[in-house]
Amino acid sequence: MRDVRPTLREQSRNGIANAEPRLGPTVPAAVRRWKLWLLTVCGIYPTIVLLGLATNPVLEDLYLPVRLAVLVPAAAAAMVWQINPRLQRYFGAWLTR
């Protein structure tokens, strides 16, 4: 029986030498925090205003803290799953400049 270890080592070395170079994971460019803040403000203000206007007939008899307890989670959900991803996709190049 012959020893195949040297053959396997050589194949491994040749395979590594002939392999295409791997590209490492891409590092996203740093986002400027003040730009992200501005983008968030521009997204959250109309969201809160529209939600407030839409729910005012139903929630107008409630105290302000209770109204906010309804509006804030709804606005946060809209920002996280709908508005921010679209704004960041649209303004992505500007955010990293």
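What comes next concerns the included structure. (Residues numbered from 1 in each chain as written. Predicted model: local features only at pLDDT ≥ 70, side-chain atom pairs only at ≥ 80, totals over all residues. Heavy atoms only, no water.)

## Let's talk about the overall build of the protein chain
Then comes step 1: Across its full length, the protein chain holds 3 helices and 0 strands.
Then comes step 2: Sequence-ordered secondary structure for the protein chain, helices as α and strands as β, is α-α-α.
Then comes step 3: Relative to its 97 residues, the protein chain shows a buried fraction of 11%.
Then comes step 4: Excluding contacts between residues fewer than 6 apart, the proportion of contacts in the protein chain whose partners are at least 24 apart in sequence is 79%.
Then comes step 5: Surface exposure of the protein chain reaches about 8500 Å², of which carbon and sulfur atoms provide 64%. (Helix = DSSP H or I, 4+ residues; strand = E, 2+ residues; numbered from the N terminus. Buried < 20%, exposed > 50% of the residue type's maximum accessible area, 1.4 Å probe, protein only. Contact = heavy atoms within 4.5 Å. Areas by Shrake-Rupley, 256 points an atom, 1.4 Å probe, with all protein chains shown as cover.)

## Description of helix H2 (residues 33–59)
Then comes step 1: Taking the largest bend as the criterion, H2 deviates by roughly 35°, centred on Leu53, and proline Pro57 comes between one and four positions later.
Then comes step 2: For H2, the full list of buried residues reads Lys35, Leu39, Gly43, Thr47 and Leu59.
Then comes step 3: Residues of H2 that are buried sit in contact with helix H3 (64–96). (Bend = angle between axes of the 7 residues up to and from the residue.)

## Describing the environment of Lys35
Then comes step 1: Checked against the element boundaries, Lys35 lands in helix H2.
Then comes step 2: Through-space distance from the C-alpha of Lys35 to that of Thr96 is 8.7 Å; in sequence the pair is 61 residues apart.
Then comes step 3: Not counting residues up to four positions away in its chain, the partners in contact with Lys35 are Trp94, Leu95 and Arg97.

## Re H3
Then comes step 1: The first and last C-alpha atoms of H3 sit only 38 Å apart over 33 residues, clearly below the 48 Å expected at 1.5 Å per residue.
Then comes step 2: Most pronounced at Tyr90, the bend in H3 amounts to some 60°.
Then comes step 3: Along H3, the residues that are buried comprise Leu71, Ala75, Met79, Asn84, Leu87 and Leu95. (Expected span 1.5 Å × (residues − 1).)

None of the figures reported here should be taken as evidence of function without further support.
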